[in-house]
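Take a look at the letters that make up each chain.
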Amino acid sequence: MKHPVIDKILSDLRLPAILPEGFDAAQWPARRAELVEIMKKEVYGYPPEKPLSMTFESETAPINYCAGKATLETVTLTVTLPQGKFTFPFKASVPTGEGPYPFFVFINFRPDVPDRYLPSEEIIDRGYAVLSLYYNDVAFDGEDGFEGGLAGMLPKEDRCGKIGLWAWAASRVLDWALDDPRLDGEKAAVIGHSRLGKTALLAGALDERFAAVISNDSGCSGAAISRNKAGERIETITRVFPYWFNESYPQYTDLEREMPFDQHFLLAAAAPRILLVGSAEQDLWADPNSEYLTCCAVSHVWEALGEKGFVHPDRLPVPGDTFHGGKVGYHLRHGSHAICRDDWNRYMDFLDKAL
Ligand code: GCU
């Protein structure tokens, strides 16, 4: 399908090209690695490497959960890095019965299961497990001079932003999951909302073992293209939340059009896997149009790799739209900034068919 209206909007943004002229699919692993490197260098910083070793223990025996339809356990991971050991917990809600189950690694704002952002019983009833990780257990979401948690163990020079540390932790939860026969390691999705949607996108870019990458209302420095973005911009986000990013990102304040990258590099790094973006009508701070435009801007990468990209009409989205015809999906729901059952159900509708 031709998209003269959307193509004109995108060409006016003058986005740096994701793929070089004459691109050949065989070049994708190398180009993908370059895109991830650019986003680390320019925006998020460098997370720690893979740990030297890892151990885990279940704090509690799995408890009967959701009337026996699932078990719930708290797992404590201890990760050994060159700098020392770091320990953090997560919660595993796994359906009982015949596995292996597809599963979510959900990075959340609270440790609770269920939680207003985590309708765990509905997720279990649909045949998915969910491993939920409370981000403050990894690195404090506030100004702490990078003294606490994982941040406190790492060198201060050229420090990683906290989004990068949370993303790294999501991969450690995945390490655990891949050893659990109840879970289907080929069907792992990483998901988060808002600042943790930015985190999920980065986790999916860093770790190709995630078969699906899901961003809910992630907005600025997440799924939204920065050029011409409405609502939050680099100036605001790096002033209010400098610790989310590396120390060089603020240099692009008000220079979005000059940047040698944009957020389409981050989303493209999910290719050729599943990429799902969700927006909310009233979430003008995140800017649904800019989130949608990033999906439009990356579609050709999937196509160049022989996959269906983003199937969408030649217009901006309206509330109620769901475009799930390719490997890049987008929805715009009614209502405000949140991850609600409606969002989860749309993601699972897509994954039921695609995974
Ligand atoms: C703030 C911030 C956003 C972020 C959001 C959230 O509004 O400006 O960038 O996504 O918090 O995490 O809820």
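Presented here is a report on the structure given in the accompanying data block. These numbers were taken from a predicted model, which means no experiment stands behind them.

A few points about the overall build of the protein chain
Argument step 1. Along the protein chain, the regular secondary structure elements total 10 helices and 11 strands.
Argument step 2. Computed over its C-alpha atoms, the radius of gyration of the protein chain comes to 19 Å, within 12% of the 20 Å expected for a compact globule of 355 residues.
Argument step 3. Within the protein chain, the fraction of its 355 residues that count as buried is 60%.
Argument step 4. Pairs at least 24 apart in sequence give 69% of the contacts found in the protein chain among residues at least 6 apart.
Argument step 5. Here the protein chain has roughly 13,900 Å² of accessible surface; of this, 53% comes from carbon and sulfur atoms.
Argument step 6. If you average the places of the 36 positive and of the 51 negative side-chain charges in the protein chain, the two averages end up 2 Å apart.

Considering the site of the ligand
Argument step 1. With respect to spatial proximity, the complete set of residues near the ligand consists of Phe-109, Ser-194, Arg-195, Lys-198, Glu-232, Ile-237, Phe-241, Trp-244, Trp-285 and His-337.
Argument step 2. Between an oxygen atom of the ligand and a side-chain N or O atom of Glu-232, the distance comes to 2.5 Å.
Argument step 3. Residue Trp-285 places a side-chain N or O atom 2.8 Å away from an oxygen atom belonging to the ligand.
Argument step 4. Considering the ligand on its own, with 320 Å² of exposed area, one finds that the protein chains cover 83% of that surface.

Here we look at helix α1 (residues 4-13)
Argument step 1. Among all positions of α1, only Ile-6, Leu-10 and Leu-13 are buried. Projected down its long axis, α1 shows its buried positions confined to an angular sector of 50°, all on one face.
Argument step 2. In this structure, the buried side of α1 is in contact with α9 (288-304).

Brief notes about the side chain of Asp-321
Argument step 1. Of note, Asp-321 is situated in the loop between α9 and β10 (322-323).
Argument step 2. Here Val-318 takes part through its backbone nitrogen, which lies 2.8 Å from a polar atom of the side chain of Asp-321.
Argument step 3. Apart from residues lying up to four places away in sequence, Asp-321 is in contact with Arg-315, Tyr-330, His-331, Leu-332 and Arg-346.

As for the pairing of strand β11 (residues 328-333)
Argument step 1. The element β11 is largely enclosed, with a buried count of 6 among its 6 residues.
Argument step 2. The side-chain alternation of β11 yields two buried faces, one formed by Val-328, Tyr-330 and Leu-332 and the other by Gly-329, His-331 and Arg-333.
Argument step 3. Taken together, the 6 bridges between strand β9 (residues 274-280) and β11 define a ladder with parallel strand orientation. Paired with Leu-276 across the bridge in β11 is Gly-329.
Argument step 4. Relative to β11, β10 is paired through 2 bridges, and the arrangement is antiparallel. By the bridge assignment for β11, Phe-323 is matched with Tyr-330.
Argument step 5. Hairpin geometry of β10 and β11 is characterised by an intervening segment of 4 residues between the two adjacent antiparallel strands.

As for unusual backbone geometry
Argument step 1. Cis geometry marks the peptide bond from Val-113 to Pro-114, where omega comes out at -5°.
Argument step 2. Looking at where Pro-114 falls in the secondary structure, it is placed in the loop between β5 (101-108) and α3 (120-125).
Argument step 3. Of note, the phi angle at Arg-14 is positive, near 50°, even though the residue is not glycine.
Argument step 4. With respect to the helices, strands and loops of the structure, Arg-14 is situated in the loop between α1 and α2 (28-44).
Argument step 5. A relative accessible area of 65% means that Arg-14 is categorised as exposed.
Argument step 6. Located in the positive-phi region is Asp-287, a residue other than glycine, with phi close to 75°.
Argument step 7. Here Asp-287 shows up in the loop between β9 and α9.
Argument step 8. On the basis of relative accessible area, Asp-287 is assigned to the buried category, the value being 9%.

Things to note about the packing of α2 against helix α6 (residues 195-206)
Argument step 1. At a minimum axis distance of 10 Å, the contact between α2 and α6 shows a crossing angle of 140°. Here α6 runs oblique to α2, going by the angle between their axes. Note that α2 runs across α6; the crossing there is left-handed. Here α2 contributes Arg-32, Val-36, Lys-40 and Tyr-44 to the contact with α6, which in turn contributes Leu-202, Gly-204, Ala-205 and Leu-206.

Side note on the nonpolar core
Argument step 1. Counting 123 residues, the largest nonpolar core has Phe-104, Leu-131, Leu-275 and Leu-351 as the members making the most contacts within it.
Argument step 2. Sort the elements by how many residues they give to this core and helix α5 (residues 162-177) lands first, with 11 residues.
Argument step 3. With near-sequence residues (within four places) excluded, Phe-104 lies in contact with Ile-123, Tyr-128, Ala-129, Val-130, Leu-131, Ala-189, Ile-191, Ile-214, Trp-344, Met-348 and Leu-351.

Thresholds, definitions, all that
- Residues numbered from 1 in each chain as written.
- Predicted model: local features only at pLDDT ≥ 70, side-chain atom pairs only at ≥ 80, totals over all residues.
- Heavy atoms only, no water.
- Helix = DSSP H or I, 4+ residues; strand = E, 2+ residues; numbered from the N terminus.
- Rg over C-alpha atoms; globule rule 2.2 N^0.38 Å.
- Buried < 20%, exposed > 50% of the residue type's maximum accessible area, 1.4 Å probe, protein only.
- Contact = heavy atoms within 4.5 Å.
- Areas by Shrake-Rupley, 256 points an atom, 1.4 Å probe, with all protein chains shown as cover.
- Lys, Arg positive; Asp, Glu negative; His and termini not counted.
- Charge placed at Lys NZ, Arg CZ, Asp CG, Glu CD.
- Near = heavy atom within 4 Å.
- Polar contact = N/O pair within 3.5 Å; in protein donor to acceptor, adjacent residues only side chain to side chain.
- Arc of directions from axis to C-beta.
- Pairing = 2+ DSSP bridges.
- Axes fitted to C-alpha atoms, helices over the stretch in contact; angles between N-to-C directions.
- Parallel < 35°, antiparallel > 145°, perpendicular 65-115°, else oblique.
- Left-handed = near helix turned anticlockwise from the far one by under 90°.
- Core = buried A, V, L, I, M, F, W, Y, C linked by side-chain atoms within 4.5 Å.

On their own, these measurements won't tell you what the molecule is for.
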